[in-house]
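Summary of structural features
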Amino acid sequence: MQELLKRYQTVAVILGCLTLPLLLLIFGKGNRQQPFAAERPVVTAIGKIQNKNDYLVGNAANFWENYIDLVHTRRENAALRQENARLREENIGLQGILQQNARLTRLVGFKQSHPLYQLEPARVIAADISPFFRVLRIRIEAQTDDIRPEMPVVSAEGVVGRIEKVNGRFCDVMLTVDPRSKIDILTQMNRSRGILTGTGDDRRYEARIAYLLRRDEVEEGEIVVTSGRAGMFPKELPVGRITAIDTKSFGLYQTVTVEPLVDFSRLEEVYIITGIYDTAPPAK
């Protein structure tokens, strides 16, 4: 008998839990205002269970909704990040195009303002930053046999240097700041004459005017231009701006420092002056 009770103990407890509320419901019919004493704990227990179930179901629903919203938000954020990256790339590309157009516009302006110059376009492909040699390597845009050493190289801002070596469509350009460079120049305002030579400074692009007499009046900020003498550079091409003047109390010459007008660190396109027309060529 005890073994039988142990075997069906769980079933008996479940049946009791189900039967007791039914009996209380049957005997509790009528107009009673107060529940039986035995009914109270059962109603309380069932109420707590219902309240917890309602709380759990509500939280589960809220959790699911929040989870779905979070997933959607993550997807939207990922899409926005991709869109922002695409727009940044387009913006960078557009800025590059605008800068290139501005450079080319200035080059076209230089060509239009110097109709007598025979100009061959070229692109900068490399630079030598050695303090002893300041050289650019350029690539000529079109195949030509007209390029020779010593030909002037210019940009829209002014003189770049001169051709040093030619190898097919590739040329090495000696810059105005190279210590080997010598350019006959004039100060634009007072027309004082000297020889511009590079310093070869490894920290900055810089040149100095040699053989400028102490009595010659020059001013800081004054533009230096080519004199047209020596037959290398045409006259009145801008070269640099005077940044410092050291007039000593002795000697024949003063020391004048010049900063090039061309920003060699950002130079991308140049012209080679291959010759000068006697008269303006007919418009094409």
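This text goes with the structure placed above it.
Below is a short write-up of the structure.

The rules behind the values
- Residue positions are given per chain, counting from 1 as you read along its sequence in written order.
- In view of the model being predicted, local features appear only for residues whose pLDDT reaches at least 70, and side-chain atom pairs are presented and counted only at 80 or more, with totals across whole chains, interfaces and linings using the full set of residues.
- Side-chain numbers come from the whole structure's heavy atoms, not from hydrogens or water.
- Exposed residues in this analysis have more than 50% of their type's maximum accessible area, buried residues have under 20%, and partly exposed residues fall in between, with area computed by a 1.4 Å probe over protein chains only.
- Helix and strand definitions here come from DSSP, where helices need a minimum of 4 consecutive H or I residues and strands a minimum of 2 consecutive E residues; each element is numbered from the N-terminal end.
- A pair of strands is treated as paired once DSSP finds two or more bridges between them.
- Patch definition: residues above 30% relative accessible area lacking any salt bridge, with like charges linked at up to 9 Å and the nonpolar side chains Val, Leu, Ile, Met, Phe, Trp and Tyr linked at up to 5 Å.
- What sets the accessible areas is the Shrake-Rupley method with a 1.4 Å probe; for residues, cover comes only from the shown protein chains.
- Salt bridges are defined by distance alone: a side-chain nitrogen of Lys or Arg within 4 Å of a carboxyl oxygen of Asp or Glu.
- Nitrogen and oxygen atoms within 3.5 Å of one another constitute a polar contact, given that in protein one can donate a hydrogen and the other can accept it, and given that sequence-neighbouring residues count only through two side-chain atoms.
- Contacts between residues were defined by any pair of non-hydrogen atoms, one from each residue, lying within 4.5 Å.
- Centre distance within 6.5 Å is the pairing criterion for rings of Phe, Tyr and Trp, where only the six-membered ring of Trp is used; planes under 30 degrees apart are then read as stacked, over 60 as edge-to-face, and the remainder as tilted.
- All axes here are fitted lines through C-alpha atoms, helices being fitted over the stretch that makes contact, and every angle between N-to-C directions spans 0 to 180 degrees.
- Only buried residues count toward a nonpolar core, which is a set of Ala, Val, Leu, Ile, Met, Phe, Trp, Tyr and Cys residues joined through side-chain atoms within 4.5 Å.

A closer look at the pairing of strand 6 (residues 182-187)
- The buried fraction of strand 6 is high, at five of six residues.
- Relative to strand 7 (residues 193-198), strand 6 runs antiparallel, the two being bridged by five bridges. Bridging from a neighbouring strand, isoleucine 185 pairs with glycine 194 of strand 7.
- Linkage of strand 6 to strand 7, two consecutive antiparallel strands, is achieved through a turn of five residues, within which arginine 191 is found at a positive phi near 60°.
- As paired elements, strand 6 and strand 9 (residues 223-226) share three bridges and run antiparallel to each other. Its bridge partner lying in strand 9, isoleucine 185 is registered against threonine 226.

Description of a nonpolar patch on the surface
- Judged by side-chain polarity, Leu116, Ile276 and Tyr277 come together as a nonpolar surface patch covering roughly 240 Å² of accessible area.
- You can call isoleucine 276 partly exposed: its relative accessible area is 44%.

Comments concerning the side chain of threonine 197
- Tracing the backbone through its elements, the reader meets threonine 197 in strand 7.
- For threonine 197, a relative accessible area of 17% puts it in the buried group.
- In this structure the side chain of threonine 197 is engaged in a polar contact, spanning 3.1 Å, whose partner is the backbone oxygen of serine 181.
- When sequence neighbours within four positions are dropped, the list of residues in contact with threonine 197 reads Thr176, Asp178, Pro179, Ser181, Lys182, Ala207 and Arg208.

Here's the deal with the environment of threonine 274
- Following the sequence through the fold, threonine 274 ends up in strand 12 (residues 269-276).
- Residue threonine 274 is classed as partly exposed on the basis of its relative accessible area, which comes to 23%.
- When the C-alpha atoms of threonine 274 and proline 152 are compared, they prove to be 7.7 Å apart, with 122 residues separating the residues in sequence.
- Those residues in contact with threonine 274 that lie beyond four places of it in its chain are Gln118, Leu119, Glu120, Asp146, Ile147 and Met151.

As for the packing of aromatic side chains
- Inspection of every chain in the model, using the stated rule, returns two aromatic pairs.
- Arranged with centres 5.2 Å apart and planes meeting at 65°, the rings of tyrosine 205 and phenylalanine 264 form a pair that is edge-to-face. Here phenylalanine 264 lies in the loop between strand 11 (253-260) and strand 12 and tyrosine 205 lies in the loop between strand 7 and strand 8 (207-213), a separation of 59 residues in the sequence.

Looking at the pattern of salt bridges
- Going through the model one piece at a time under the given rule, you end up with 12 salt bridges.
- Ionic pairing is found between aspartate 178 and arginine 180, a salt bridge with its closest N-O pair at 3.0 Å.
- A relative accessible area of 32% means that arginine 180 is categorised as partly exposed.
- Of the charged contacts, one joins aspartate 263 and arginine 266 as a salt bridge, the two residues approaching to 3.8 Å between their closest N and O atoms.
- By relative accessible area, which is 38% here, aspartate 263 ends up partly exposed.
- Residue classification places arginine 266 among the exposed positions, given a relative accessible area of 66%.
- Connected via shared salt-bridge partners are Arg123, Glu141 and Glu269.

Structural notes on the sheet that holds strand 9
- Spatially, the six strands close up into a barrel ordered 6-7-8-11-10-9, and their pairing is antiparallel. On average, adjacent strands in this sheet sit at an angle of 40° to one another, irrespective of strand direction.
- Pairing of strand 7 with strand 8 involves four bridges; the strand directions are antiparallel. Each residue of the ladder has a partner; that of glycine 198, found in strand 8, is alanine 207.

Section: the sheet that holds strand 2 (residues 135-140)
- Strands sit in the order 1-2-5-4-3-12 around a closed barrel of six strands; the barrel is antiparallel. Strand-to-strand twist across the sheet, computed as the mean angle between neighbouring axes with direction ignored, equals 45°.

Focus: the nonpolar core
- Membership of the largest hydrophobic core comes to 21 residues, with the highest contact counts inside it found for Phe110, Ile185, Leu196, Ile209, Leu237, Val256 and Val258.
- Those elements giving two or more residues to this core turn out to be strand 1 (117-128), strand 6, strand 8, strand 10 (238-246), strand 11 and strand 12.
- Per-element accounting of this core gives the leading share, three residues, to strand 8.
- Not counting residues within four places of it along the chain, the set of residues in contact with valine 258 comprises Leu196, Glu206, Ala207, Ile209, Val224, Gly240, Arg241, Ile242 and Thr243.
- Within the second largest apolar cluster, 19 residues are counted, among which are Leu136, Ile140, Val153 and Ile163.

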